[in-house]
Each structure stands twice: as C-alpha cells, then as structure tokens.
Amino acid sequence: MSSAALAAPAPPNRSRILAHPQDLHCIAFHAICLLAYACAFWLYLHPRFAGITGPWSRAAFVAAAAVMLGWISGIDVGVNFHNHSHRPIFTSHFVNRWFGRFWTFSGGWPSFFWEYCHVTIHHANLLTADDWTLPKQNPDGSFENFQRYLFTHWPWRLMVHLWRDLTARQSLRRRSSRELAIFLALWSIPFWINPVMAIWLWVLPHWIANAFIMNSGMYVQHAGCVVKTPAKPVTHSTVFVSNFFNLTMFNIGFHHEHHEHPRVHWSELPELHWRLKQAMIDGGTHVVPYGNYHAAFLLAGDDARQKRFAEQDSNYTPHL
Amino acid sequence: MRRLMHTFLSKTRLAFGRSFFPLFAIAIIAGAALWGPWVSLLVTVLAFGAALRLL
C-alpha cells in the first residue's frame, strides 16, 4: 500500500451502491442488531413465549436482553458506525446521511453528534486539552479514574460540551436542531409501543452501550499514551492484536494505524499494521495481545492489574 | 474446486465472524423461548465474564 493509496478516496466498485464490497458486513451487523431489539421487544410483550411467569423471571429476561443489546449497540455505534463516519459506506451522500441516522439512533445518539465528537473533536485534537471526548488528565498526564469516566462521560459531560460547541455558530445550531429532532422522532418509537418496555429494553441498553462498551473502549485505546510530537510520533494509541477481537470488532484493535491513517478502510488495517509494524516497534508503540475487554478489566482494577496492562506484547519488543 | 471451496469457507467465516456478537445476542434473547430467561441470564453473565478475562 503506497502513501498515495493511503490518502486516496475509495475506488469505485462494480456494485455502485457500496463504496467498498466489505461494507456489506457493516449493513448486516446493523440489521442483525435491529432484529435483536425487535426480538427482545416481541418477547417482552408476549411473556409466555419467553418463559416469563412473574416479576423475577421478567427481571432475568430484561437483565440478559439489556446487557446483550447494550453490548452489540456499543459495537454497532462505537465501531461499526465509527468506520462509516470516516469512510461512508455508500456511494450516495443522501443514502449515507439517512442510513447514518437510522444507524446511531439504536445506540442513543444522533449520527451528526457522534460524528462531530469523534472526527471533529477526537481525531483532530487527540490527547490535547481540546479533546473532551477522552478522560480528563491528571497533572502527571495519566487518565482520571476508570469508573469515574465511565459513569460521568455519557451523557452528562457530553451534553455540556455539545451544547457549548453546537450552539456557538448559527449554521451548526440549525443543523444540530434538525438532527436532534430526527433522532428524537426515531428514538421515541419504543416509548409509543410500551413506555416501561422502552425504559428496560431501550434506554438501559443504550446506557450500557455508552458507559460500558464505548467509554471503556475510548479509555483503553489511549490510556498511558502521550500526544503525538516529532519526538514521540507513534505512542498516541494502544494496539490490540487479538485475532478474534479484530475479527469480531471490524479491526478496531489496530488503533494506532487507524489514527495515523483514518481514511484507510477498516478491512485493510491488518495489512497496514504489518507495513507499520517495525516503525511501531522502533518507536515504542504500546501493543497488547488481547482486546479492549480484557484491557478494560485490567484498567478497572488495582495497581497490580493496571501494571499488567502496561506490559508489552513479546512479539513487539525491540531486538537488542 | 478446492480453491473455490477455500474462498467460500473464507468468506463464510468472515461473514459469521464479523456478525458474531449480534448473532450471539439474538441466540441469547430468542433462546429464552427455548430454555427460559434464567438460562439466558446465566449465559450472558458467563459470556461477559469470559470477554473481560480473555478478550
């Protein structure tokens, strides 16, 4: 892959609908997520089919369904839509815009707001004081407590920052209001069906998706990292090289590569990883052999567990 | 023929692998109709615990 190829827009393909043939998997993922919500709603409304016989068995069903729905919604927005925000999956702008709106509403986000946070704020200001999408930094540069970030970032801190940013200019204010109205119209659908069901199988999964899946992902991807400078050009992100994690998470583990070349298609990140591997080893990029979930487990723990996160994958240590 | 088979299996693996989590979620949620909500909850707890330990 040449430097020109890395910066180039997606080549047209035969289908003329999708920007890249592999993006069919993104659509399938989102469609199955919506199907999972529909399935959970139907069983909640027809309890005898799900073996729900009383309040306790209903609570068991809601707990299982809410965790699973939150888990997949976190991936669907935080990873799957994330890729679309960098490289729109359709060749039509109109379809991209509307598919995006129908994509993020099942993760508790207006698509424009998520895209603004991620592309305009996070990617453009990575690890600087202006990157308010990341955890707050202590005076020594380390991140704030893991749990504090998880429970305070979405939606509380985000609402304050988004309000300040998106109401600052009239053009942004108008667009934000329109996107918020479209989001609220879509997001309110489960409440019209059954408000109690919407609380347990819609709002609760969205909180799980954002607090536990997306926020923990943001935390582990940059914990212990430093802002990019000429002296330290490759230590701004951690790389997660677990094969199963990257297979099931659209290669989001190759996070250093993604921040270096955000326009590279997600399916081509493994190839880019091998191309950049030696530079990462030489430059001291933090590489770990597992994925985000185990990293979150380590960083949520005591000092001993956090030290295990700081260990480098043995295949990525410089040869002396 | 072997090459065709290899391509087919490779593409199938990718398709199922990338949709693994939502397919698993549907199995857990719809599975409650087969084995009841308590088994679904147990499998969810085990799956989440396994992810935190291994993934």
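Since we're looking at a predicted model, the values are computed, not measured.

Caption draft 1: Up close: the interface of chain A and chain B. The partner chain B presents 27 residues to the 38 residues of chain A that form the contact. Of all the secondary-structure elements, those providing two or more residues to the side of chain A that touches chain B are helix H2 (24-45), helix H3 (55-86), helix H10 (243-248) and helix H13 (292-299) of chain A. Ranked by residues supplied to the side of chain A that touches chain B, first place goes to H3(A) with twelve residues. By residue class, the composition of the side of chain A that touches chain B is 31 nonpolar, seven polar and no charged.

Caption draft 2: Spotlight on unusual backbone geometry. All names here are of chain A. Here the bond from Trp-154 into Pro-155 is cis, since omega is -5 degrees, no more than 30 degrees from zero. With respect to the element layout, Pro-155 can be found in helix H6 (residues 146-166). In the Ramachandran plot, Leu-127 falls in the positive-phi region, its phi being about 65 degrees despite a non-glycine side chain. Along the chain, Leu-127 turns up in the loop between helix H5 (111-123) and H6. Judged by local crowding, Leu-127 falls into the partly exposed class, with 19 C-beta atoms found within 10 Å. Backbone geometry at Phe-250 places phi at a positive 50 degrees, although glycine is not the residue there. Along the chain, Phe-250 turns up in the loop between H10 and helix H11 (255-260).

Caption draft 3: Quick peek at the nonpolar core. Ala40(A), Ala25(B) and Ile29(B) are the most contacted members of the largest nonpolar core, which totals 84 residues. Of the residues forming this core, the biggest block, 15 residues, is contributed by H3(A). Aside from chain neighbours lying at most four places away, what touches Ala25(B) is Ala36(A), Met68(A), Leu69(A), Trp71(A) and Ile72(A).

Rules used throughout
- Residues numbered from 1 in each chain as written.
- Chains lettered and ligands numbered in written order.
- Predicted model: local features only at pLDDT ≥ 70, side-chain atom pairs only at ≥ 80, totals over all residues.
- Contact = placed C-beta atoms within 7 Å.
- Helix = DSSP H or I, 4+ residues; strand = E, 2+ residues; numbered from the N terminus.
- Nonpolar A, V, L, I, M, F, W, Y, C, P; charged D, E, K, R; others polar.
- Buried ≥ 20, exposed ≤ 12 C-beta atoms within 10 Å, placed from the backbone.
- Core = buried A, V, L, I, M, F, W, Y, C linked by C-beta atoms within 7 Å.

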